[in-house]
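Secondary and tertiary structure notes
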Amino acid sequence: MPEQRVYRIASIPADGVGKEVIAAGRQVLDVVAEQSAVAEEPGAASGPGSPPGLGPQGPFAFDWTDFPWGSEYYAEHGVMMDPDGLNLLRGFDAIYFGAVGWENVPDHVSLWGLRLNITQNFDQWANVRPVRFLPGIESPLRKADRVPLDWVVVRENSEGEYAGLGGRNLSGRGPGNEVAVQTALFTEKGCERIIRFAFDLARTRAVRKVSSVTKSNAQQYGSVLWDDVFKRVARDYPDVRTESVLVDAMSAKFVLRPEDLSVVVASNLFADILSDLGSALAGSLGLAASANLNPERRFPSMFEPVHGSAPDIAGQGISNPVGAIASAALMLDHLGLPAAARRVEAAIEAVTAAGIRTRDVGGTAGTEEVTAAVIDALKLSSVPPESA
Ligand code: GGG
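Report on the accompanying structure. (Residues numbered from 1 in each chain as written. Predicted model: local features only at pLDDT ≥ 70, side-chain atom pairs only at ≥ 80, totals over all residues. Heavy atoms only, no water.)

1. Things to note about the overall build of the protein
Our working definition: Only DSSP runs of H or I with at least four residues qualify as helices, and only runs of E with at least two residues qualify as strands; both kinds are numbered from the N terminus onward. Between the two quantities, the radius of gyration covers C-alpha atoms and the globule rule is 2.2 Å times the number of residues to the power 0.38. Here's how the labels work: a residue is buried when its accessible area is under 20% of the maximum for its type, exposed when over 50%, partly exposed in between, all with a 1.4 Å probe on protein chains only. Accessible surface area values rest on a Shrake-Rupley calculation with a 1.4 Å probe, where residue burial reflects the displayed protein chains alone.
When its secondary structure is counted, the protein shows 11 helices and 12 strands. For a compact globule of 388 residues, the expected C-alpha radius of gyration is about 21 Å, and the protein comes in at 21 Å, within 12% of that figure. Evaluated residue by residue, the protein yields a buried proportion of 54% over its 388 residues. About 17200 Å² of surface is accessible on the protein, with carbon and sulfur atoms providing 53% of the total.

2. Some points on the packing of aromatic side chains
Two measures describe an aromatic ring pair: the distance that separates the ring centres and the angle between the ring planes. Note the threshold: Any two of the Phe, Tyr and Trp rings considered here, Trp counted by its six-membered ring, make a pair once their centres fall within 6.5 Å; the pair's planes then place it as stacked at under 30 degrees, edge-to-face at over 60, or tilted in between. Whether a charge sits over a ring comes down to the Lys NZ or Arg CZ being within 6 Å of the ring centre and within 35 degrees of the ring normal.
In total, this model carries 14 aromatic pairs according to the counting rule given. Taken together, the aromatic side chains of Tyr7, Phe60, Phe62, Trp64 and Tyr96 make up a single cluster linked through ring pairs. Cation over ring: Arg8 sits above Phe92, and NZ or CZ is 4.3 Å from the ring centre.

3. Digging into the pattern of salt bridges
Put simply, the test is: We count a salt bridge whenever a side-chain nitrogen from Lys or Arg sits within 4 Å of a carboxyl oxygen from Asp or Glu.
Per the counting criterion, the structure on display carries 26 salt bridges. Between Asp239 and Arg208 there is a salt bridge, with its nearest N and O atoms 2.6 Å apart. Taken together, the residues span a long stretch of sequence, with Asp239 in the loop between α6 (222-234) and β9 (241-246) and Arg208 in the loop between α5 (188-203) and β8 (209-214) at a distance of 31 residues. As a salt-bridge pair, Asp260 and Lys253 come within 3.9 Å of each other at their nearest N and O atoms. A relative accessible area of 14% places Lys253 in the buried class. Several salt bridges converge on common partners, so that one network encompasses Lys143, Lys209, Glu243, Lys253, Arg257, Glu259 and Asp260.

4. Let's talk about the sheet that holds strand β2 (residues 60-66)
Sheet strands pair by backbone hydrogen bonding; their relative direction is either parallel or antiparallel. The criterion, for reference: Following DSSP output, two strands are said to pair if at least two bridges run between them. The axes used here are C-alpha line fits, helices contributing only the stretch in contact, and every angle between their N-to-C directions lies in the interval 0 to 180 degrees. We call two residues in contact whenever any of their non-hydrogen atoms come within 4.5 Å of each other.
Pairing is mixed across the open sheet formed by 10 strands, whose spatial order is β2-β1-β3-β12-β11-β4-β5-β10-β8-β9. Strand pairing shows two members of the sheet lacking a second neighbour, β2 and β9, which therefore form its edges. Between one strand axis and the next, the sheet turns by 25 degrees as a mean value, whatever way the strands run. Direction of pairing for strand β5 (residues 150-156) relative to strand β10 (residues 263-266): parallel, over a ladder of four bridges. Counterpart to Val153 in the pairing with β10 is Val264. On the sheet, helix α8 (residues 268-281) packs against β4 (126-132), β5, β8 and β10 and is oriented at approximately 155 degrees with respect to β5. Where helix α9 (residues 322-334) meets the sheet, its contacts fall on β1 (5-14), β2, β3 (94-99), β4, β11 (289-293) and β12 (301-305), and the angle it forms with β12 comes to roughly 160 degrees.

5. Notes on the site of the ligand
As a reminder of what qualifies: One heavy atom within 4 Å of a molecule or strand makes the whole residue count as near it. Residues adjacent in sequence count toward polar contacts only when both atoms are side-chain atoms; beyond that, a polar contact is any pair of N or O atoms within 3.5 Å, and within protein one must be able to donate a hydrogen and the other to accept it.
Neighbouring the ligand are 13 residues; Gly98, Val100, Arg155, Pro305 and His307 lie closest to it. Take Val100: an N or O atom from its main chain is 2.9 Å from an oxygen atom of the ligand. Note that an oxygen atom of the ligand is positioned 2.8 Å from one of the side-chain N or O atoms of Arg155. The protein chains hide 85% of the 360 Å² of surface that the ligand would expose on its own.

6. A look at the packing of helix α10 (residues 338-353) against helix α11 (residues 367-380)
Applicable threshold: Any angle that falls under 35 degrees is termed roughly parallel, while one over 145 is termed roughly antiparallel, one within 65 to 115 roughly perpendicular, and all others oblique. Rotating anticlockwise by less than a right angle from the far helix to the near helix defines a left-handed crossing, while the corresponding clockwise rotation defines a right-handed one. Only Asp, Glu, Lys and Arg are considered charged in this grouping, and only Ala, Val, Leu, Ile, Met, Phe, Trp, Tyr, Cys and Pro are considered nonpolar; every other residue, Gly among them, is considered polar.
At a minimum axis separation of 8 Å, α10 and α11 run at an interaxial angle of 120 degrees. The angle between α10 and α11 falls in the class oblique. Crossing angle aside, the handedness with which α10 passes α11 is right-handed. Listed contacts from α11 to Arg343, Val344, Ala347, Ala350 and Val351 of α10 are Val370, Ala373, Val374, Ala377 and Leu378. A breakdown of the residues in the contact of α10 with α11 according to their chemical character gives nine nonpolar, no polar and one charged.

7. So, helix α4 (residues 107-121)
Here is the rule we go by: Note on bend: at a given residue it equals the angle between the axes fitted to the 7 residues ending there and to the 7 starting there.
Along α4, the sharpest change in direction is near 40 degrees and occurs at Arg115. By the burial criterion, the buried members of α4 are Ser110, Gly113, Leu114, Arg115, Leu116, Ile118 and Thr119. Looking one or two residues past α4, Asp123 carries a phi angle of roughly 45 degrees, positive in sign.

Right under this line is the structure:
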């Protein structure tokens, strides 16, 4: 029996529904880990009801550490996370994050104090946000019923409009005359690494195409630098089709021609907005997964649902856990457990196809019911052989 690998995961549910959906995702991950310990005879046929196979992955487990950071922590300590928090997180294999934002803390303070503090200091420069259309989930796009739709938004996650550069100035101007400057930062290196990431990702997909999104007619410096880098990098990927689209046109394309999309790469703000649009078109923000990656693995990467803390429904047990569970699947991929990741994704699909859905996607089930259904589906599923 191969030795069990133990992955050390930092859990930061943070605010609102983040607490509910991270609890759900952790249950699912622990079941997948438990199943990995049940060996299947090599070559044994597996089918519904058969025990999950080991595959070349071998047995694994998760060692969870909870961090109580977020807006409640802020109320007690005046900061969103422990001042030594980055050092505390540094040694983990991954971070599983919920959502940030609550009414007791201004949004820019909570976001910069926790989520952006981690993504920026751990150089998690690639934010991968798949847009997946799940069976049994109604899309507001009528064509979703007849055309296969599946694309991924790659968000530059370290600079751009969220570089945090700027300031406010009132001195000498008097009340009513304050000015504020918010500078977007585009570096050639920052553009190149995210654009190359997008091309490399496109090469792993059925449709090898990258759509680059800027606003270079109006933003003649940063966007034009991005466009120039995109054209240069594209020459290294002659097998990948390309297009450059203005962000306003791309938002229309998401609605009108989404079947033309495979990988969409954009700056921090544009991709933040477009990925929310994509999630809504797939049926709900509650479904969308995301990975904040430090591809060099110098720091832990962070996995979180795209949605925020949803104060309007927090604490009612009705939040959609699918985005968090799908983010857990992205984490499994990152940890080198792709067969387990595919099993989690298949379990999600089995549950949505069976009509077990939360209210945001037209169902009546609660968070726990959907989570239990995903776990049941996992327990019933066979394990696809790992392509090592
Ligand atoms: N789980 C994602 C989350 O908490 N999002 C809150 C938010 O406002 N994020 C802004 C961003 O993604 O930059």
